[in-house]
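Residue strings, one per chain:
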Amino acid sequence: LDFERDELFGVFNRRLELVALAHLAFLGRDGERPTAAEFGVSVLPHGRGRGIGSRLFERAGLHARNRGVDTLIVHALSENLPMLKIVRQAGAQVGREGPDATAILQLPPEDLGSHWSQVLAQHAGEVDFGLKLQALHLDRLMRSVRDFLPCSPRDSGS
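Keep in mind the model is a prediction, meaning the values are calculated, not measured.

**Student:** I keep staring at the pattern of salt bridges and nothing clicks. Help me out?
**Tutor:** Pairing is possible between side chains that carry opposite charge, provided their charged atoms lie close to one another. Scanning the model with the defined rule gives six salt bridges in all. A salt bridge links E7 to R67; the shortest N-O distance between them is 3.3 Å. Of this pair, E7 sits in strand β1 (residues 7–12) while R67 sits in the loop between α1 (52–66) and β6 (71–77), and the two are 60 residues apart along the sequence. The class of E7 is partly exposed, set by a relative accessible area of 25%.

Here it is as structure tokens:
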């Protein structure tokens, strides 16, 4: 990871545990702007099959597009059928060489709509995380109150 150049995207469950992580590594440059990026994703086994990888791919692709990237590259094992399905559905050309597959997706140029989509996705993610954080704090507060009370109303027969 190049922490000054690359981007990471994460998905958290309701307990704020990281269940998926995508990595967008920016490659070639045209002056100050990257021209290509490589995408990678990992989803914990219990989070697979829920569309998380697809959403991370879309989010990373939109982010790359808005940074001027015109080519998105994915390296995967040929047996990684879920990843290959994601890139094929996005319109990528997939080539295979032995146990490896390489997908190349040409991204459309950035436009006002793509920038607005990214802003909305960013805010939706921040709201989602904030709500999960507040729910976690409320749950902890309720547990501490229950632990503090000598007995619950159900225990006292009231």
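**Student:** I would appreciate a short explanation of the sheet that holds strand β8 (residues 100–106) in the present structure.
**Tutor:** One open sheet holds the six strands; their spatial order is β1-β2-β5-β6-β8-β7, and the pairing between them is mixed. Looking at strand neighbours, the two that pair on one side only are β1 and β7 (93–97), the edges of this open sheet. Averaged over all pairs of adjacent strands, the angle between their axes in this sheet comes to 20 degrees, without regard to strand direction. Bridge count for strand β2 (residues 18–26) against strand β5 (residues 36–43) is seven bridges, and the pairing is antiparallel.

**Student:** Hey, could you run me through unusual backbone geometry in this one?
**Tutor:** The bulk of non-glycine residues show a negative phi, and the bulk of peptide bonds are trans. One non-glycine residue with positive phi stands out, namely L16, at about 60 degrees. Examined against the element boundaries, L16 turns out to sit in the loop between β1 and β2.

What counts, and at which threshold
Residues numbered from 1 in each chain as written. Predicted model: local features only at pLDDT ≥ 70, side-chain atom pairs only at ≥ 80, totals over all residues. Heavy atoms only, no water. Salt bridge = Lys/Arg side-chain N within 4 Å of Asp/Glu carboxyl O. Helix = DSSP H or I, 4+ residues; strand = E, 2+ residues; numbered from the N terminus. Buried < 20%, exposed > 50% of the residue type's maximum accessible area, 1.4 Å probe, protein only. Pairing = 2+ DSSP bridges. Axes fitted to C-alpha atoms, helices over the stretch in contact; angles between N-to-C directions.

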